[in-house]
Amino acid sequence: MKKNKSKGLAFSWSDPTFRSIVYQVIVLGLVAVGVWYLVSNTMHNLQVRNIRSGFDFLGREAGFAIGESLIDYSPTDTYWRAILVGLLNTLYVSLAGIVLATLLGVVVGVARLSKNWLIAKLAAVYVEVLRNIPLLIQLFFWYALIVETLPGPRQAMHPVPGVFLSNRGLRFPAAQGESLTWIVVGAVVALLLTLAAGRYVRRRQIQTGTQTALWPIGLALFILLPVAGFFFGGGQLAFSIPELKGFNFAGGASISPELTALLSGLVIYTSAFVAEIVRSGIQAVPGGQWEAAGSVGLSRRRALRLVVLPQALRIMVPPLTSTYLNLMKNSSLAVAIGYPDIVSIINTTLNQTGQAIEGILIVMAAYLTVSLSISLFMNWYNRRIALVER
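Residues numbered from 1 in each chain as written. Predicted model: local features only at pLDDT ≥ 70, side-chain atom pairs only at ≥ 80, totals over all residues. Heavy atoms only, no water.

- You'll find the chain entered in an unreviewed UniProt entry as Amino acid ABC transporter permease, with Advenella kashmirensis given as the organism.
- The record in UniProt for the chain states the following under Sequence similarities (unreviewed entry): "Belongs to the binding-protein-dependent transport system permease family. HisMQ subfamily." (UniProt positions renumbered as here; feature names shortened; annotations may be inferred.)

Encoded structure:
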């Protein structure tokens, strides 16, 4: 019995494998030559104009203030810390926008399929109007609505004690102290343990048919762990109440008009696209699933939550990934209304230092890294919920 011997690579133009390798080498060579030309030409032009290149400027003093920061920052800090502040602001807006737009989009998407004529039509108008108005126009609208229509700090609206709403933003009481960090850590650990307990309860129910209530476990964790964090942090916790001093408020925490307008525009605009994805995903599930759920006594609401949405989710995840990426990239429009995201801070940095190429590279690297991280997470989640064929 003869064995088939695999042919080796023949160094002949008639061999398709050899030709494909040659073509790829030529293409790679042309790309390398093009990159070398662009880099060398850029470096030559910078040298002729006596423009310094490199990232040494990141260690120099920034010298400008930033209105909003999630970490401590002062004008005496370096450009590197200023850019970090902008990156954290971008991440904060993007993640908050993704969560809020998803929640609002799911509600509107389900409402579009409501049997109530008025609710379905209002949801349809919401989607068709908002997704066809440019986002930049919506940002300007929300910013003008907040700044121009709300009263000044001295005439601020006072809906509840300690809370003030004015054209300077929303001021509210805030907790301070070393124990606050440990309380937050305790709450995060409680959330993770509750999710792990939920998976165990579901797996146990599938194996044994025994149902276990999850809410007492979650409630106990969310009470005990933050309390433990409070005492672990030394019991140092105080509340700062906003007070009117001069022409503005001092104390407490605030949400600026810029952040409010940016989040409102991003969430409302993106939720219209999420609603269409939810609607189409639900409608893609065969109607027999609704009938089967009804035949075992499930109400329409429980059938949607337990039967239809889990199946529709497998259809919705790929387009949702693109929508989340668009929201994150659209957050760069924050520069138009003065919110200090990474684009705004890089603009200030390159205006002061003249390091335009380095600044643009930093922005590109930041958005590329965040976009790839979102894509990897969503692809992992898509594989996790995919049906396994037998």
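Still to come is the rest of the account.
Some points on a positive patch on the surface
Then comes step 1: Taken together, the side chains of Arg-199, Arg-202, Arg-203 and Arg-384 define a basic patch exposed on the protein surface.
Then comes step 2: Residue contributions to the positive patch peak at three residues, all from helix H5 (residues 178–208).
Then comes step 3: Structurally, Arg-384 is set in helix H11 (residues 356–385).
Then comes step 4: Residue class for Arg-384 comes out partly exposed when judged on its relative accessible area of 45%. (Patch = residues over 30% accessible without salt bridge, like charges linked within 9 Å, V, L, I, M, F, W, Y side chains within 5 Å. Areas by Shrake-Rupley, 256 points an atom, 1.4 Å probe, with all protein chains shown as cover. Salt bridge = Lys/Arg side-chain N within 4 Å of Asp/Glu carboxyl O. Lys, Arg positive; Asp, Glu negative; His and termini not counted. Charge placed at Lys NZ, Arg CZ, Asp CG, Glu CD. Helix = DSSP H or I, 4+ residues; strand = E, 2+ residues; numbered from the N terminus. Buried < 20%, exposed > 50% of the residue type's maximum accessible area, 1.4 Å probe, protein only.)

What to know about the UniProt feature "domain: ABC transmembrane type-1" (unreviewed entry) in the chain
Then comes step 1: The feature "domain: ABC transmembrane type-1" (unreviewed entry), as given by UniProt, occupies residues 87–378 in the numbering adopted here.
Then comes step 2: Between the end C-alpha atoms of residues 87–378 there is a gap of 21 Å, over a span that is 71% helix and 8% strand.

Structural notes on the UniProt feature "transmembrane region" (unreviewed entry) in the chain
Then comes step 1: Here the UniProt feature "transmembrane region" (unreviewed entry) sits at residues 21–39, 91–111, 123–145, 180–201, 213–239 and 360–381.
Then comes step 2: Between the end C-alpha atoms of residues 180–201 there is a gap of 31 Å, over a span that is 100% helix and 0% strand.

Some words on the environment of Trp-36
Then comes step 1: Residue position: Trp-36 is located in helix H1 (residues 16–48).
Then comes step 2: Overall, the relative accessible area of 59% leaves Trp-36 in the exposed class.
Then comes step 3: For the pair Trp-36 and Thr-212, spaced 176 residues apart in the sequence, the C-alpha separation amounts to 64 Å.

Some thoughts on the pattern of salt bridges
Then comes step 1: Overall, the coordinates contain four salt bridges when judged by the stated rule.
Then comes step 2: The partner of Arg-81 in a salt bridge is Asp-77, with the nearest N and O atoms 3.9 Å apart.
Then comes step 3: The salt bridge partner of Glu-276 is Arg-112, with a shortest N-O separation of 2.4 Å. Taken as a pair, Glu-276 in helix H7 (residues 257–284) and Arg-112 in helix H2 (residues 79–112) lie far apart in primary sequence, 164 residues in all.
Then comes step 4: We classify Glu-276 as buried; its relative accessible area is 13%.

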